[in-house]
Amino acid sequence: MTPPEDLITPELVALVRAGDREAFERLFRAWYGRLADHAARMLGNHDAAEDSVQDVFVAVWDKRAGLPEPAKIPAYLYRAVRNRSLNQIRQQKTRGRWLGTQDPDPSVPAVAETDLQASEIGAKVQEALAELSPRCREVFLLSRDDGLTYPQIADTLGISIKTVETLMGRALKSLRSQLAAIRPS
């Protein structure tokens, strides 16, 4: 399967800028899943993540004449989804303060023993990720889960490549030390 980055050609961007709906749909279909997964990790809710991504694509369509050059579109999309997700988190916190409650976590379904072991390992990995600083965690997830390169991460977050390298090194060192005791049977 062709990576979404390879589908962003100067011709496609020119067509989207010109208002070609089919070209926009190709861009949307190529990136929707990755961006929804990225937003879901930030929001912890897949439905809210899908809403965020859809809102971003509506904004992209509305401002299509100002789309950046093709090489910058992945970072542009990730940054837009990140900002929209952060806005949603802020709104949820504000709403929670007004209501005096937080949204309850969804219940975890029962699983078989092997799935239980995998989920326990997954929980330990999530705990280890939670121990990272927010910026280290964000850099790690953009690299490992979203497959962004260090330059793309730097562009997305507005930091230097050297800072990305440093944060990634810290994240990996911390995760290695915290997860060293995990030995799946």
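Up top is the structure these notes are about.
Residues numbered from 1 in each chain as written. Predicted model: local features only at pLDDT ≥ 70, side-chain atom pairs only at ≥ 80, totals over all residues. Heavy atoms only, no water.

Chemist: What's the story with the pattern of salt bridges in this structure? I'm lost.
Modeler: Should their charged atoms come close, side chains of opposite charge can pair. Under the defined criterion, the tally for this structure stands at 7 salt bridges. Across the pair glutamate 138 and arginine 135 runs a salt bridge, and its minimum N-O distance is 3.5 Å. Taken together, the residues span about one helical turn, with glutamate 138 and arginine 135 both in helix H7 (residues 134-144) at a distance of 3 residues. Take glutamate 138: its relative accessible area is 15%, and that puts it in the buried class. Residue classification places arginine 135 among the partly exposed positions, given a relative accessible area of 29%. What you see here is one network of salt bridges that share partners, running through Arg41, Asp145 and Asp146. (Salt bridge = Lys/Arg side-chain N within 4 Å of Asp/Glu carboxyl O. Helix = DSSP H or I, 4+ residues; strand = E, 2+ residues; numbered from the N terminus. Buried < 20%, exposed > 50% of the residue type's maximum accessible area, 1.4 Å probe, protein only.)

Chemist: Is there a simple way to think about the packing of aromatic side chains in this case?
Modeler: Centre distance and the angle of the planes are the two values used to describe a pair of aromatic rings. This model, assessed by the stated rule, comprises 5 aromatic pairs. Ring geometry for phenylalanine 24 and phenylalanine 57: centres 6.0 Å apart, planes at 75°, overall edge-to-face. Pair noted here: phenylalanine 24 is in helix H3 (residues 21-43) and phenylalanine 57 is in helix H4 (residues 46-62), with a separation of 33 residues, a long-range link. You can call phenylalanine 57 buried: its relative accessible area is 2%. Arranged with centres 4.9 Å apart and planes meeting at 75°, the rings of phenylalanine 28 and phenylalanine 57 form a pair that is edge-to-face. Here the residue phenylalanine 28 occupies a position in helix H3, and phenylalanine 57 occupies one in helix H4, the gap between them amounting to 29 residues. The ring centre of tryptophan 61 lies 4.0 Å from the NZ or CZ of arginine 64, which sits over that ring. (Phe/Tyr/Trp six-rings, centres within 6.5 Å; stacked < 30°, edge-to-face > 60°. Lys NZ or Arg CZ within 6 Å of the ring centre and 35° of its normal.)

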